[in-house]
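Structural overview
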Amino acid sequence: MRSIRSSGGTAVLAIVAILGPAAPALALHRNTPASIRVTKGASITLPPTRSWSYVTAFTSPDDVLGTGATGRQVYVFGLFEYDCGAGVPGPELKSCRGHNAIAQVTTGPGDPDNPSVGSHGTLVAFDADGAYGGGSGPAVGHRQIFVVNRVTNQLTRVTAGTDGDSVRPTIDEKTASVVFESTASLTGGASGVSQVFVYDAKSQGITQITNGAGPSTHPIPTKIAAGVAFESTSALRGDGHDTGVSQIFWYDRKKATLVQITNGNGPSRRPWPTTKLRVKAMAGTLAAKIPPPAIVFESEATNLPGSTGVAGPQIYVASTRLGDGPPVRQLTPVAVFGCTPASAGTATFPALESTGRRITFISDADPLCNGTTGQRLFVLDLATSPVLLRQITGRGNVTGPVATPLGVWFAGALTTDDLTGGGVCGHQFQIVDFFTGGWQAALAIGTSPGEPAPGSADGACDDGNACTADACAPTGCTHTAIPSCP
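Residues numbered from 1 in each chain as written. Predicted model: local features only at pLDDT ≥ 70, side-chain atom pairs only at ≥ 80, totals over all residues. Heavy atoms only, no water.

Let us look at the nonpolar core. Membership of the largest hydrophobic core comes to 37 residues, with the highest contact counts inside it found for F361, L377 and I392. Those elements that place two or more of their residues in this core are β20 (294-299), β21 (314-319), β23 (347-352), β24 (358-363), β25 (376-381) and β28 (410-415). The residues touching L377, leaving out its near neighbours within four places in the chain, are T360, F361, I362, R390, Q391, I392, T393, V398, V402, A411 and A413. One finds L46, F77, L79 and I102 within the second-largest nonpolar core, a separate group that totals 23 residues. (Core = buried A, V, L, I, M, F, W, Y, C linked by side-chain atoms within 4.5 Å. Buried < 20%, exposed > 50% of the residue type's maximum accessible area, 1.4 Å probe, protein only. Helix = DSSP H or I, 4+ residues; strand = E, 2+ residues; numbered from the N terminus. Contact = heavy atoms within 4.5 Å.)

Here you go:
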């Protein structure tokens with residue numbers, strides 16, 4: 001058993017794996033409906049951090065579970081737990097333990113946000129005001145990093161900065177490290193500019209991995225945190241001055257080396273690293289140019305080596321093993337034979353499956369010439385030849401970031417599209433299983449996703465209280481008390 005220690009050195013958190021089992025991928029597909037609406041009328045936020053396996057997290061200022069919760073709180077959704085309660089019955093669910101699909105992780109003041117969940121769903125990292133969990137003193141008034149054990153309810157205060165904020169933590173899959181950004185002088189350096197840090201359970205300390213004049217932000221680790229991808233406006237491979245344009249960097253913790261992936265004429269953002277890249281079907285092309293570890297990211301630059309020069313933002317992939325400024329493979333706009341859209345559109349918020357095969361992203365392009373518009377959800381399969389594009393949604397609007405892919409062949413996002421036919425009000429967290437026989441994604445020119453007819457938006461706001469009139473308003477669900485109702 002491994003323990004994570006607080007920055008003060010006291011062992012307070014044991015890592016225990018007790019929640020839903022690591023269910024085989026095919027088993028989940030036999031039990032999971034083609035589409036799931038996770039939330040109803042609550043206003044939620046999906047974090048820019050990363051979670052693992054079949055669990056993901058979100059935050060909401062509303063009382064999601066009707067337990068009387070106040071203020072913004074962190075919630076965790078478990079796909080295996082969902083199947084146990086609402087999926088298709090099968091022998092794979094014999095180990096169900098009665099856990100709810102949605103669990104509230106935090107309570108009280110502090111405005112918790114930006115959660116990340118380890119592979120077993122036991123440990124959750126998040127940021128909150130220093131007052132969270134009864135904190136006091138100079139750290140109050142600044143955001144701090146916390147880790148909570150959902151089994152023991154033990155809380156670790158990873159940071160206690162008094163001169164800056166620590167935010168956006170991502171815990172690695174094995175829950176041995178937490179990467180995050182902070183403007184505080186956590187290791188004795190200067191404060192005021194966001195830098196990237198790593199909290200390591202083995203060393204029981206915090207390591208600062210950037211030190212530039214411009215902000216370094218949005219760090220995402222590989223599954224065992226051997227490498228960390230992030231964006232920065234600093235010239236980290238030079239004198240560290242603030243260039244004003246964000247670029248993608250990669251830090252190898254084992255070798256203590258830094259690689260600058262992009263040096264473009266426009267900002268590059270939202271890196272997503274992987275130690276796998278399933279491109280065997282494309283040997284000699286993408287496989288030869290992009291050896292893993294690799295990073296998927298979005299960029300507005302038009303001069304990256306190997307790019308097509310199409311205006312962005314667009315999605316790219318690059319290797320971390322080819323030194324500074326390696327050649328990139330531009331993945332969007334996706335060229336589909338027989339379709340010539342009027343516009344290349346844009347593509348944002350890439351997220352890569354743990355298998356290193358499929359990329360989920362948001363785009364307003366029309367690569368299948370089916371006439372759908374708005375920000376819609378797509379999946380790009382890198383291991384097919386040619387690369388296969390799946391259009392997941394065809395109506396409404398999707399807002400990023402997308403949910404961390406929940407295992408394999410699952411995609412989730414906040415969308416106004418009614419994916420279940422049960423009604424939807426505003427942007428709600430919805431998930432589709434696009435494995436064979438599940439959600440019918442559009443694959444061919446002129447076709448659209450096989451979505452159900454939309455249900456009642458007002459009905460989607462039903463709070464189960466017979467004494468309230470429920471309706472969908474532009475600001476979300478409303479629940480008006482019915483006069484004289486007993």
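With that out of the way, let us pick up the state of the cysteines. Evaluation of the coordinates by the stated rule reveals 4 disulfides. The disulfide partner of C425 is C472, and the gap between their sulfur atoms is 2.2 Å. In this structure, the disulfide formed by C425 and C472 twists by about 85 degrees around the S-S bond and is classed as right-handed. Taken together, the residues span a long stretch of sequence, with C425 in the loop between β28 and β29 (428-433) and C472 in strand β30 (residues 468-473) at a distance of 47 residues. A residue is classified by how much of its surface remains accessible, and C425, at 2% relative accessible area, is buried. Look at C472 and you get partly exposed, because its relative accessible area is 28%. Between C461 and C477 runs a disulfide, and the two sulfur atoms are separated by 2.0 Å. Note on the C461 and C477 pair: the S-S dihedral is about -75 degrees, so by sign convention the disulfide is left-handed. Of the two residues, C461 is situated in the loop between β29 and β30 and C477 in strand β31 (residues 476-481); the sequence distance between them amounts to 16 residues. (Disulfide = S-S within 2.5 Å.)

Position of T56 relative to the elements: it lies in strand β4 (residues 55-60). With residues up to four places along the chain from it excluded, the contact list for T56 reads S51, Y75, V76, F77, V117, T404, L406 and F429.

So, on to the pairing of strand β9 (residues 143-149). Counting buried positions along β9 yields 7 of 7 residues, so the element is predominantly enclosed. Side chains R143, I145, V147 and N149 of β9 all project onto a buried face; the interleaved residues Q144, F146 and V148 project onto the opposite face, where all are buried too. As paired elements, β9 and strand β10 (residues 155-157) share 3 bridges and run antiparallel to each other. Residue pairing across strands places V147 opposite T156, the latter belonging to β10. Counted between consecutive antiparallel strands, the loop separating β9 from β10 contains 5 residues, among which N153 sits at a positive phi close to 65 degrees. (Pairing = 2+ DSSP bridges.)

Attention shifts here to the sheet that holds β20. On the basis of which strands lie adjacent, the open sheet formed by 4 strands has the order β19-β20-β21-β22 and antiparallel pairing. Strands at the two margins of the open sheet, each flanked by one partner only, are β19 (268-274) and β22 (328-330). Strand after strand, the sheet turns through a mean of 25 degrees between neighbouring axes, direction not considered. As defined by bridge partners, β21 adjoins β22 across 3 bridges and the pair is classed as antiparallel. Bridge assignment links Y316 to a residue of β22, and that residue is Q330. (Axes fitted to C-alpha atoms, helices over the stretch in contact; angles between N-to-C directions.)

Looking at the protein as a whole, its pLDDT mean stands at 88, while 92% of the residues score no less than 70. Across residues 1-24, where pLDDT falls below 50, the model places 68 contacts with residues more than four positions away in sequence or in other chains. Of the regions scoring below 50 in pLDDT, residues 280-284 engages in 8 contacts with residues more than four places distant in sequence or in other chains. (pLDDT = per-residue confidence, 0-100.)

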